[in-house]
Amino acid sequence: MSKSITVAVARPIFPEVLVRLREHFTVVDNQGGQPWSTQSWAQCLQACDGVLTTMADPLNAGLLAGNTRLKVAANMAVGFNNFNLPELTALGIVATNTPDVLTETTADLGFALLMACARRMSESERYLREGLWSSWRYDFFAGAEVHGSTLGILGMGRIGQAVAKRASLGFGMQVLYHNRHPLPSETERVLKAQFVSRDELLERADHLMLVLPYSPDVHHTIGAQEIARMKAGSHLINIARGGLIDENALADALESGHLGGAALDVFENEPQVNPRLLAQKRIVMTPHTASSSLKTRLAMANLAADNLIDFFFKGSVRTPLNAEVLTRQTQ
Ligand code: GLV
């Protein structure tokens, strides 16, 4: 039966979440999975009251030109740099994301990437699969220590803190971090994490992990100068957004041997990967899957759906990014 409120679901999603949405809305879905062209996406948005997006689906005033129908956009991701939030706010569109439900799963992959690059796991597995393993050598794929080493975390929000917990409590690492604001001292004490300046973080970390939100202000925040400050032989891990790193500067540092390795879950032009990075043996790469356990992805999809359902049927949302729009609407 057709329902009066229409929502679009930008990409394939768990069938049970679609069923939930269909109980409430007329749903325009994209289970075929091919990303909408800019034009068809803009057209689809014209005909919708709400939308469920992923971090790969842009939403801004340009796409919404003249659209007065869209009221709410639920992003199935914690990061929301695909939204132009000031523009959505000005247009009176409520925006939401999916924090908390993915924190621990994302931290797990961050830690797995750290270990995989420090211990050269992708490189040695490729060697073995290629049938090149013929004898034992004392320095065979000798990597860097994880336990007892120093981890630098740039961006100490929920996910950064979950990584810190694994590092200090599980692996006896020294944890240094830099963030816009230091954490309360009690949280620092529990996590055994020490606030340092950005330069000190770069200079002291054996492994540097990026966990900060992306915005144009932090585009290429790790470039040639920052990499030059990093310790010789250290590792760079990114589970945040690709645009934080100047990928060519990273490729230079791996080619020169200044960095010991890197591990990337995110890339500047996803799903394209810079060919210079693909050519590096010392990079472990995953295709933006840090939150991808079945349980967590389902929780993210359900939270995005809850935000849409609550918005239209209760006048509230669970995880607002621009709560001021809702306040304005209820005044
Ligand atoms: C994934 O990258 C997310 O922001 O949730």
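For clarity, every value in this text was computed on a predicted model and none was experimentally measured. (Residues numbered from 1 in each chain as written. Predicted model: local features only at pLDDT ≥ 70, side-chain atom pairs only at ≥ 80, totals over all residues. Heavy atoms only, no water.)

**Details of helix α6 (residues 158-171)**
Consideration 1: End to end, α6 covers 19 Å across 14 residues, agreeing with the expected 20 Å (1.5 Å per residue, within 8%).
Consideration 2: Within α6 the residues assigned to the buried category are Ile159, Gly160, Ala162, Val163, Ala164, Arg166, Ala167 and Ser168.
Consideration 3: Positioned one or two residues after α6, Gly172 has a phi angle of 55 degrees, which is positive. (Helix = DSSP H or I, 4+ residues; strand = E, 2+ residues; numbered from the N terminus. Expected span 1.5 Å × (residues − 1). Buried < 20%, exposed > 50% of the residue type's maximum accessible area, 1.4 Å probe, protein only.)

**Digging into the domain arrangement of the protein chain**
Accessible area lost upon the coming together of the parts serves often as the stated size of an interface.
Consideration 1: Under the domain assignment, the protein chain is made up of domain 1 (6-101 + 294-330) and domain 2 (103-285).
Consideration 2: Across the boundary between the two partners, domain 1 contributes 8 residues, which contact 7 residues of domain 2.
Consideration 3: The junction of domain 1 with domain 2 conceals about 620 Å² of combined surface from both sides, 42% of it contributed by carbon and sulfur atoms.
Consideration 4: If you sort the residues of domain 1 by the area they bury against domain 2, Asn81, Asp100 and Thr296 come out on top, with a joint share of 60%.
Consideration 5: Across the contact surface, domain 1 and domain 2 share 1 salt bridge.
Consideration 6: A salt bridge links Arg158 to Asp100; the nearest nitrogen and oxygen atoms lie 3.5 Å apart.
Consideration 7: The interface formed by domain 1 and domain 2 holds 3 residue pairs in polar contact (both at pLDDT 80 or more) in total.
Consideration 8: Looking at the side of domain 1 that touches domain 2 residue by residue, the class counts come to 4 nonpolar, 3 polar and 1 charged. (Domains from an automatic or database assignment. Contact = heavy atoms within 4.5 Å. Buried area = accessible area lost by both parts, 1.4 Å probe. Salt bridge = Lys/Arg side-chain N within 4 Å of Asp/Glu carboxyl O. Polar contact = N/O pair within 3.5 Å; in protein donor to acceptor, adjacent residues only side chain to side chain. Nonpolar A, V, L, I, M, F, W, Y, C, P; charged D, E, K, R; others polar.)

**Focus on the site of the ligand**
Consideration 1: Around the ligand, the neighbouring residues are Ala77, Val78, Gly79, Leu102, Arg241 and His288.
Consideration 2: One of the backbone N or O atoms of Gly79 is found 2.7 Å from an oxygen atom in the ligand.
Consideration 3: In the environment of the ligand, an oxygen atom lies 2.6 Å from a nitrogen or oxygen atom belonging to the side chain of His288.
Consideration 4: Grouping the constituent residues of the shell around the ligand by class yields 3 nonpolar, 2 polar and 1 charged. (Near = heavy atom within 4 Å.)

**Overview of the packing of helix α1 (residues 15-24) against helix α12 (residues 294-314)**
Consideration 1: The contact between α1 and α12 brings their axes to 10 Å, and the two run at 5 degrees. Classed by the angle they form, the pair α1 and α12 counts as roughly parallel. Contacts between α1 and α12 involve Glu16, Val17, Arg20, Leu21 and His24 from the former and Leu298, Ala301, Asn302, Ala305, Asp306, Leu308, Ile309 and Phe313 from the latter. (Axes fitted to C-alpha atoms, helices over the stretch in contact; angles between N-to-C directions. Parallel < 35°, antiparallel > 145°, perpendicular 65-115°, else oblique.)

**Observations concerning unusual backbone geometry**
Glycine aside, residues mostly have negative phi, and peptide bonds are mostly found in the trans state.
Consideration 1: Following Glu270, the chain continues into Pro271 via a peptide bond in cis, with omega recorded as 5 degrees.
Consideration 2: Here Pro271 lies in the loop between β11 (261-264) and α11 (275-278).
Consideration 3: Backbone geometry at Arg120 places phi at a positive 55 degrees, although glycine is not the residue there.
Consideration 4: With respect to the helices and strands, the residue Arg120 is situated in the loop between α4 (103-118) and α5 (121-129).
Consideration 5: Phi is positive for His220, which is not a glycine, with a value near 50 degrees.

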